[in-house]
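One-letter residues, chain by chain:
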Amino acid sequence: MPSVKLQRLSEAEEGERFRIEKLDIQDGTMKRRLLDLGFVPGCEIMVLQKSPLGDPTAYRVSNTTIALRKEESDHIYGERIRDVHK
């Protein structure tokens, strides 16, 4: 199976689905906060809406809408999930 290049969550576009692979955060408080909000490896999220200036962005995580600033979403890595029906 080919290796998938991980992308930052902040690079995902509105309407895309994204599967989290890892959180690259050294600050334990921020990492714990994101994990508590549902941003855990293996979780599938949806990019809902970016603010007019691009920061923050709203994400659908476990049936909840969460807004993250770019400085937070830059540290969440994973892969975009492609729709097989398109």
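Note that this is a predicted model, so its numbers are computed, not measured. (Residues numbered from 1 in each chain as written. Predicted model: local features only at pLDDT ≥ 70, side-chain atom pairs only at ≥ 80, totals over all residues. Heavy atoms only, no water.)

## A closer look at the overall build of the chain
For the chain, the helix and strand inventory stands at two helices and six strands. Across the chain, helices and strands are ordered from the amino to the carboxyl terminus as β-β-α-β-β-β-α-β. A globule of 86 residues ought to have a C-alpha radius of gyration of about 12 Å, and the chain, at 12 Å, matches this closely. Projected onto its principal axes, the C-alpha coordinates of the chain cover approximately 40 × 35 × 25 Å. Looking at the chain residue by residue over its 86 residues, the buried ones come to 31%. Intrachain contacts of the chain at a sequence separation of at least 6 include 58% that bridge at least 24 residues. Put simply, the chain shows about 5700 Å² of open surface, and 48% of that area lies on carbon and sulfur atoms. Once the 15 positive and 15 negative side-chain charges of the chain are each reduced to a mean point, those two points are 2 Å apart. (Helix = DSSP H or I, 4+ residues; strand = E, 2+ residues; numbered from the N terminus. Rg over C-alpha atoms; globule rule 2.2 N^0.38 Å. Buried < 20%, exposed > 50% of the residue type's maximum accessible area, 1.4 Å probe, protein only. Contact = heavy atoms within 4.5 Å. Areas by Shrake-Rupley, 256 points an atom, 1.4 Å probe, with all protein chains shown as cover. Lys, Arg positive; Asp, Glu negative; His and termini not counted. Charge placed at Lys NZ, Arg CZ, Asp CG, Glu CD.)

## What to know about helix α1 (residues 28-37)
In this structure Asp27 caps α1, since a side-chain oxygen of it lies 3.1 Å from the backbone nitrogen of Thr29. Remark: Gly38 follows α1 within two positions and exhibits a positive phi of approximately 110°. (Polar contact = N/O pair within 3.5 Å; in protein donor to acceptor, adjacent residues only side chain to side chain.)

## Description of the sheet that holds strand β4 (residues 57-61)
Neighbouring strands of a sheet are bound in pairs by backbone hydrogen bonds; such pairs are parallel or else antiparallel. Taken together, six strands build an open sheet; the order of strands is β1-β6-β2-β3-β4-β5 and the sheet is antiparallel. Edge positions in the sheet fall to β1 (7-8) and β5 (64-68), since each has one partner strand and no second. (Pairing = 2+ DSSP bridges.)

## Notes on the pairing of strand β3 (residues 44-50)
Sheet topology places strand β2 (residues 17-23) next to β3; three bridges connect them, and they run antiparallel. Counterpart to Phe18 in the pairing with β3 is Ile45. Sheet topology places β3 next to β4; four bridges connect them, and they run antiparallel. Counterpart to Gln49 in the pairing with β4 is Ala58.

## Some remarks on the nonpolar core
In globular proteins that are soluble, nonpolar side chains generally tend to be buried together. Within the largest apolar cluster, 16 residues are counted, with the highest numbers of intra-cluster contacts made by Leu9, Phe39, Ile45, Tyr59, Leu68 and Ile76. Sorting the residues of this core by element identifies β2, β3, β4 and β5 as the ones contributing at least two each. Tallying contributions element by element places β2 first for this core, with three residues. Non-local contacts of Phe39, meaning those with residues more than four positions away in its chain, are made with Leu9, Ile20, Leu23, Leu34, Ile45, Tyr59, Val61, Ile66, Leu68 and Ile76. (Core = buried A, V, L, I, M, F, W, Y, C linked by side-chain atoms within 4.5 Å.)

By themselves, these are just geometric observations and shouldn't be taken as functional.
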